[in-house]
Amino acid sequence: MKRLISGIIVCILLSGIFVSPEGNAVPKSLKQAEKLSGNFEKLEEARTKVSEALQDTTLSSDPHALYIAGKIEEGAFRHYHKLLGINQNDPKVDRTLMADALLAAVDYYERALAVDTITDKKGKRTIRYSVKIAEWLNSITPSLYNAGVAYMNKRMFYPQAYSAFKAYALAPTKYYFHDNESVMSDSVQANAWFYAGVMAYNAKEYAPAAESFMIARRLGYPRKEVFLNEMSSLGFMAKSTTSRQDSLSRQITVLAGEGHRRFGLSEPLFLKKYIAGLVMENQLDSALSVVNSAMATDSIPMLHAMKGALLYTLGRNSEAAAEYLVAAADKSADFTTLKEASKSVAGEGIALLTQVKGNKKSAQDRRKEIRDTFLTPALNFARRAAEIYPDDPDVANTIETISYYMH
């Protein structure tokens, strides 16, 4: 019997298995990792050892094992932080590696916090690491933002920079967060969420980008870019997700409307997107009402073009032509405005010409008046459009039609 017991003890010792305070068997690799913790020269060895230990499913949620893993990464972060405290431009410090260590430590420690409860035989529950971990996590909150900047400067947008800015933005939601000087304001959080969104957007990760911009916007991020970027993200999502195109397009329309109400015509894209969305939803009267409201304070050519397009779609071509005459007369009118104006104005002129009967001088004078008022400017608009896109068949056809009625 003594030989059997001795054999069991030898086997246990040879296997390198210990027992943690939580009652889990602790492999030798974890004990070795713990001894190496804080020794920067042995960092990679420590990481390898703790990674081996965490392969064991019984330890992957063990607070002691996760604490050791976090402590190793904390040690690496502290090493870099100490060097920068001596020399902010220390060439030996790779700020992205410092950020890697910080985020890894945060991940391990937060996982440890989630399971750091021990219940003894009497049902009494105690914690071992939570106070120490919480204190450290709170102290490094500003460093999370710095980590995001470090990744961003190296164009490591996603998931690295995104994750760092997001972690910083989420810090006030953690139970352990406190700031003796001042609680992190909504504006500071909003700024971090905005940067998180930009990082995801740059990496073409449009879903997390849209979510980040939305949170930043709701927290009061003041600049128009938060609306524009969220709208753009949703647009890319709509292109790649056919099943959600309608709902995503509706979100863009709502955002554009809110953006227009907040920023007015300082950013014309809001109004353009808003009107386009209302037209897609067949809310033409609502769209026209929005344009009329905008024109009450600012009658720029763009608004005349938009109103002309809406009136033309509604079948009110006489009114549309009048708006297009103003819009297309502007020297900066774009191709679409010139093309549509030439069609609308020419159409109105031709319709009026067909109503003139006979060949008396009064009839001839009326025809000349119509040509001067409608066909001549329409031909000018079409020719300007042709200068921009010479091969457009619609423009060529409009020019041919107008030329026919000019004689």
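Rules used in this analysis
Residues numbered from 1 in each chain as written. Predicted model: local features only at pLDDT ≥ 70, side-chain atom pairs only at ≥ 80, totals over all residues. Heavy atoms only, no water. Helix = DSSP H or I, 4+ residues; strand = E, 2+ residues; numbered from the N terminus. Rg over C-alpha atoms; globule rule 2.2 N^0.38 Å. Buried < 20%, exposed > 50% of the residue type's maximum accessible area, 1.4 Å probe, protein only. Contact = heavy atoms within 4.5 Å. Areas by Shrake-Rupley, 256 points an atom, 1.4 Å probe, with all protein chains shown as cover. Lys, Arg positive; Asp, Glu negative; His and termini not counted. Charge placed at Lys NZ, Arg CZ, Asp CG, Glu CD. Expected span 1.5 Å × (residues − 1). Phe/Tyr/Trp six-rings, centres within 6.5 Å; stacked < 30°, edge-to-face > 60°. Core = buried A, V, L, I, M, F, W, Y, C linked by side-chain atoms within 4.5 Å. pLDDT = per-residue confidence, 0-100.

K.L.:
Can you walk me through the overall build of the chain in this structure?
P.N.:
Scanning the chain for helices and strands turns up 19 helices and four strands. In terms of overall size, the chain is more extended than a compact globule, its C-alpha atoms giving a radius of gyration of 35 Å where 407 residues would be expected to give roughly 22 Å. Judged by the C-alpha coordinates and their principal axes, the chain covers about 135 × 50 × 40 Å. Counting only residues that meet the buried cut, the chain has 43% of its 407 residues in that class. Once local pairs closer than 6 in sequence are excluded, the contacts in the chain between residues at least 24 apart make up 57%. Of the roughly 22500 Å² of accessible surface on the chain, 53% is carried by carbon and sulfur atoms. Positive and negative side-chain charges in the chain, numbering 50 and 45 respectively, have mean positions lying 3 Å apart.

K.L.:
Looking at this model, I keep getting lost on helix α16 (residues 317-329). Mind explaining?
P.N.:
Relative to the 18 Å expected for 13 residues at 1.5 Å per residue, α16 spans 18 Å between its end C-alpha atoms, a close match to the ideal helical length. Of all the residues in α16, the buried ones are Asn 317, Ala 320, Ala 321, Glu 323, Tyr 324, Ala 327 and Ala 328. Against α14 (284-295), α15 (301-313), α17 (335-353) and α18 (361-388) lie the buried residues of α16.

K.L.:
When you look at the packing of aromatic side chains in this model, what are you seeing that I'm missing?
P.N.:
When we look at a pair of aromatic rings, we describe it by the centre distance and by the angle of the planes. Following the criterion strictly, the structure yields 21 aromatic pairs and no others. On the basis of an interplanar angle of 35° and a centroid distance of 5.0 Å, the ring pair of Tyr 158 and Tyr 162 is categorised as tilted. Within this pair, Tyr 158 and its partner Tyr 162 are both found in helix α8 (residues 157-170), separated by four residues, close to a single helical turn. Tyr 158 gets classed as partly exposed once you look at its relative accessible area, which sits at 32%.

K.L.:
Sorry, what's going on with the environment of Met 156 here?
P.N.:
Along the chain, Met 156 falls in the loop between α7 (141-153) and α8. A C-alpha to C-alpha distance of 32 Å links Met 156 and Val 115, two positions 41 residues apart in sequence. With residues near it in sequence (within four places) discarded, Met 156 still touches Thr 96, Tyr 151 and Ala 161.

K.L.:
I tried to follow the nonpolar core on my own but got confused; where do I start?
P.N.:
The tendency in soluble globular proteins is for nonpolar side chains to be buried as a group. If you look at the biggest cluster of nonpolar residues, it comprises 95 residues, and the most contacted ones within it are Leu 102, Ile 133, Trp 136, Leu 137, Leu 271 and Ile 275. Beyond its immediate stretch of four places on either side in the chain, Trp 136 contacts Glu 74, Phe 77, Arg 78, Leu 102, Ala 105, Val 106 and Tyr 109. Val 345, Ile 350, Ala 363 and Leu 379 belong to the second-largest nonpolar core, a separate cluster that totals 24 residues.

K.L.:
Honestly, the confidence of the model for the chain in this entry has me stumped. Any pointers?
P.N.:
A low pLDDT means the predicted coordinates there should not be read in detail. Model confidence for the chain is summarised by a mean pLDDT of 91, while 92% of its residues fall at 70 or above. Confidence, read as mean pLDDT per element, is least for helix α1 (residues 2-15) in the chain (36) and greatest for helix α10 (residues 206-218) (98). Predicted confidence for residues 1-19 stays below pLDDT 50, and this span has 15 contacts to residues more than four positions away or in other chains.

K.L.:
Can you walk me through the environment of Met 306 in this structure?
P.N.:
Within the secondary structure layout, Met 306 lies in helix α15. Taking the C-alpha atoms as reference, Met 306 lies 9.7 Å from Ala 276; in sequence the two are 30 residues apart. What Met 306 contacts, discounting residues up to four positions off in sequence, is Leu 271, Lys 272, Ile 275 and Val 291.

K.L.:
Looking at this model, I keep getting lost on the side chain of Asp 392. Mind explaining?
P.N.:
Here Asp 392 is to be found in the loop between α18 and α19 (393-405). Here Asp 392 falls in the buried class, since its relative accessible area comes to 16%. The contacts of Asp 392, once residues within four sequence positions are left out, are Phe 335 and Lys 339.

K.L.:
Could you clarify how one ought to interpret unusual backbone geometry in this entry?
P.N.:
Going from Tyr 158 to Pro 159, the amide bond is cis rather than trans, its omega being 5°. Along the polypeptide, Pro 159 turns up in helix α8. Located in the positive-phi region is Lys 204, a residue other than glycine, with phi close to 65°. By the element assignment, Lys 204 lies in the loop between α9 (186-202) and α10. Positioned with a positive phi, Asn 282 is a non-glycine residue whose angle comes to about 65°. For Asn 282, the position within the fold is in the loop between α13 (268-280) and α14.

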